[in-house]
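Breakdown of the fold
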Amino acid sequence: GFMIPEMKKRGYDEGFSAALVASAGMIGVIIPPSIPFVIYAVTTGASVRELFIAGIVPGLLMGVAIMITSYFICRKRGYGEKTNFVGIKQLVLTIWDAKWALLAPVIILGGIYVGIFTPTEASVVAVVYSYIIGKFVYKELDHKKVLVTIKNAAIISAVTTFLLAFSTTFASYITMKQVPQTVSAFLISLTSNKFILLLLINAFLLLIGMLIDILPAIIILAPILLPVAVESGLTPIQFGMVMCVNLAIGFITPPYGINLFAASAISQI
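Here we summarise the structure given alongside this text. (Residues numbered from 1 in each chain as written. Predicted model: local features only at pLDDT ≥ 70, side-chain atom pairs only at ≥ 80, totals over all residues. Heavy atoms only, no water.)

1. Re the overall build of the protein chain
For the record, the criterion: Each helix is a run of DSSP H or I of at least 4 residues and each strand a run of E of at least 2, with the numbering of both proceeding from the N terminus. Note on exposure labels: buried denotes an accessible area under 20% of the residue type's maximum, exposed denotes more than 50%, and partly exposed covers the range between, all computed with a 1.4 Å probe on protein chains only. Pairs of residues are marked as contacts when any of their non-hydrogen atoms sit within 4.5 Å. Only the protein chains shown count as cover for residues, and the accessible areas themselves come from Shrake-Rupley with a 1.4 Å probe.
Scanning the protein chain for helices and strands turns up 14 helices and zero strands. Reading the helices (α) and strands (β) of the protein chain from amino to carboxyl end gives α-α-α-α-α-α-α-α-α-α-α-α-α-α. Seen through its C-alpha atoms, the protein chain measures out along the principal axes to roughly 60 × 45 × 35 Å. A total of 269 residues make up the protein chain; the buried ones form 33% of that total. Counted over contacts in the protein chain with a minimum sequence separation of 6, partners at least 24 positions apart contribute 68%. Surface accessibility of the protein chain: about 16300 Å² in total, with carbon and sulfur atoms responsible for 71%.

2. Examining a nonpolar patch on the surface
Rules: Patches here are clusters of residues that have more than 30% relative accessible area and form no salt bridge, with a 9 Å joining cutoff for like charges and a 5 Å cutoff for nonpolar side chains (Val, Leu, Ile, Met, Phe, Trp, Tyr). Each reported salt bridge corresponds to a side-chain nitrogen of Lys or Arg within 4 Å of a carboxyl oxygen of Asp or Glu.
Among the surface-exposed residues, Trp 100, Leu 103, Val 106, Ile 107, Val 124, Val 128, Tyr 131, Ile 132, Phe 136 and Val 137 lie close enough to one another that they form a single nonpolar patch of about 870 Å² accessible area. Sorting the residues of the nonpolar patch by element identifies α7 (99–114) and α8 (119–137) as the ones contributing at least two each. When residues of the nonpolar patch are assigned to their parent elements, the largest contribution, six residues, is made by α8. Note that Phe 136 resides in helix α8. Its relative accessible area of 54% is what places Phe 136 among the exposed residues.

3. Quick look at the nonpolar core
We apply this condition: Remark: nonpolar core denotes a set of buried residues (Ala, Val, Leu, Ile, Met, Phe, Trp, Tyr, Cys) joined through side-chain atoms within 4.5 Å.
Tyr 40, Ile 201, Phe 239 and Met 243 are the most contacted members of the largest nonpolar core, which totals 44 residues. Elements with a contribution of two residues or more to this core: α3 (35–44), α4 (48–54), α5 (56–77), α9 (143–176), α10 (179–190), α11 (194–209), α12 (214–231) and α13 (236–249). Ranked by residue count, the leading element in this core is α12, at 10 residues. When near neighbours in sequence (up to four residues on either side) are disregarded, Ile 201 contacts Leu 187, Leu 225, Val 228, Ala 229 and Phe 239.

4. Concerning the environment of Met 176
Relative to the elements of secondary structure, Met 176 occurs in helix α9. When its relative accessible area of 67% is taken as the criterion, Met 176 is described as exposed.

On their own, these measurements won't tell you what the molecule is for.
Below you can see the structure in the form of structure tokens.
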């Protein structure tokens, strides 16, 4: 909501801006704290702590890959305006001015970890906190802006909720038809080479990520594919990373591509 308009102001193509933010958005479920990791841990009995630690390196690698790609694209197409570094003093002053906004994730994550509120309740806390800070501390919010924000949030939520509903229904259907079990047996029957088997599992998870939301996909597929992955030489933690990263790519892959719909709604392209 704030990255895309700021990029457009600085001369970035709106299509590139939307695509970049949508792509970066998939890293959120890889770098902890991650709800998919928790769901995978509950489903398979793996350690949440070990999964959180294991997600740091893949998440950073994905971020670096996007940064390098963006650098060359921007350099080639001339996106962005030339700016000079403001200096350490100005940087510190800017961070200090933004301290109330920067406290939001600290309050949210701290509250979840300490057990004061659940992740769902944390979203309500975030909205109330943001309103109070924006209205009474920074004094940038008025009633008109609040109404526009609520309207935009309702539109984005409606789009994503519709997609989630379809995805969950489709997941239930393929479960009733025992598609995951059939695919698992088919993969094992194809080859005894563990490397080829892992490539096939990756390809299958990429395909599933294009059609089903990450949470129902993990709940359905993790118990079925984990024995196959372990037989191929992966630990449950390693397979958790493989599964979550593959399914996260589905956030920006049609026809599901929930990040694409959100970015499209915000950028109006």
